[in-house]
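# Structural characterization, general
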Amino acid sequence: QVQLVESGGGVVQPGGSLRLSCATSGLNFKKYGMHWVRQAPGKGLQWVALIGIDEKRKNYVDSVKGRFSISRDNSRNTLYLQMNWLRSEDTALYYCATELIRPVEGTKAFDVWGQGTMVSVS
Amino acid sequence: QSGLTQPASVSGSPGQSITISCTGTSSDVGAYIYVSWYQQHPGKVPKLIVYDVSNRPSGVSNRFSGSKSGNTASLTISGLRAEDEADYYCYSYTTSDTLVFGGGTRVTVL
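We now turn to the structure provided with this report. (Residues numbered from 1 in each chain as written. Chains lettered and ligands numbered in written order. Predicted model: local features only at pLDDT ≥ 70, side-chain atom pairs only at ≥ 80, totals over all residues. Heavy atoms only, no water.)

### Observations regarding the sheet that holds strand β7 (residues 68-73) of chain A
All names here are of chain A. Taken in spatial order, the 4 strands of this open sheet run β1-β3-β8-β7, and their pairing is antiparallel. Strands with a single pairing partner mark the edges of an open sheet, and in this sheet they are β1 (3-7) and β7. Within the sheet, the average angular offset between the axes of one strand and its neighbour, ignoring direction, is 15°. Pairing between strand β3 (residues 18-25) and strand β8 (residues 78-83): 6 bridges, direction antiparallel. Across the sheet, cysteine 22 pairs through a bridge with leucine 79, a residue of β8. (Pairing = 2+ DSSP bridges. Helix = DSSP H or I, 4+ residues; strand = E, 2+ residues; numbered from the N terminus. Axes fitted to C-alpha atoms, helices over the stretch in contact; angles between N-to-C directions.)

Now the structure itself:
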């Protein structure tokens, strides 16, 4: 069974830093791109960043460019999000998620999300 | 990177059909087939219910169906049930190799 478990959230002052981790299991991690998605309290979902199967492909939502950095360690099956210069508007529940997984041509696709880790900037 | 536009709320009676629209641009919804829909119940993790405009993952009811015309995607829920009451989000890949969500639609079953 595929599992994603986020950690590293907490309370931090504006201008501070945090590093989120997403440990995966039951997944051939190195084969799939990964995403970070966040949800501010009472608000909608916002895509934050993606990383390809290696570190050559990385993209970010404009509001975090230059402050956040996504990375992965395929030997540890773990995804990371380094967050610097945090602002109050970064307060949210941060989810890691796989890209859409397409097992075999003609079969149904799926994705997997973690339960999220809360980041509060105050 | 503007978000996709969804109605804030849609409601319907049990058994009815409702449709949620998701309007983007030629750089996202209109550019590819890579439009997905997620269902999120309060306090729960989002669940994929439609991908590639109109495909359903295994285990998702065929009461959920998706379509797209130009820059607007739509999710239809037929035979509305009490358990369908949730927030629904559209999600699209973009020509900038990024992704974008809609603002979300609260579905209320009357």
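### Side note on the nonpolar core
Grouped together as the largest cluster of nonpolar side chains are 44 residues, with contacts concentrated most on Trp36(A), Leu79(A), Leu81(A), Met83(A), Tyr94(A) and Phe101(B). Once you skip the residues sitting within four places of it in the chain, Leu79(A) turns out to touch Leu20(A), Ser21(A), Cys22(A), Phe29(A), Met34(A), His35(A), Trp36(A), Ile51(A), Ile70(A), Ser71(A), Arg72(A) and Cys96(A). Residues Ile20(B), Ala73(B), Tyr88(B) and Val100(B) belong to the second largest nonpolar core, which totals 23 residues. (Core = buried A, V, L, I, M, F, W, Y, C linked by side-chain atoms within 4.5 Å. Buried < 20%, exposed > 50% of the residue type's maximum accessible area, 1.4 Å probe, protein only. Contact = heavy atoms within 4.5 Å.)

### Considering the state of the cysteines
Residue and element names in this part refer to chain A. Applying the stated criterion across every chain yields a total of 2 disulfides over all chains. Two residues share a disulfide in this structure: cysteine 22 and cysteine 96, whose sulfurs sit 2.0 Å from each other. For the disulfide bridge between cysteine 22 and cysteine 96, the dihedral angle about the S-S bond is near 60°, and by the sign convention the bridge is right-handed. Here cysteine 96 lies in strand β9 (residues 92-98) and cysteine 22 lies in strand β3, a separation of 74 residues in the sequence. In this structure, cysteine 22 and cysteine 96 share a single accessibility class: buried. (Disulfide = S-S within 2.5 Å.)

### Brief notes about the environment of Cys22(A)
Residues and elements named next belong to chain A. Residue cysteine 22 is classed as buried on the basis of its relative accessible area, which comes to 0%. In sequence terms cysteine 22 and methionine 34 are 12 residues apart; their C-alpha atoms lie 10.0 Å from each other. Sequence-distant contacts of cysteine 22, that is, excluding residues within four places in its chain, are made with Leu4, Val5, Glu6, Met34, Trp36, Asn77, Thr78, Leu79 and Cys96.

From the geometry alone we can't say anything about function, so treat these as descriptive.
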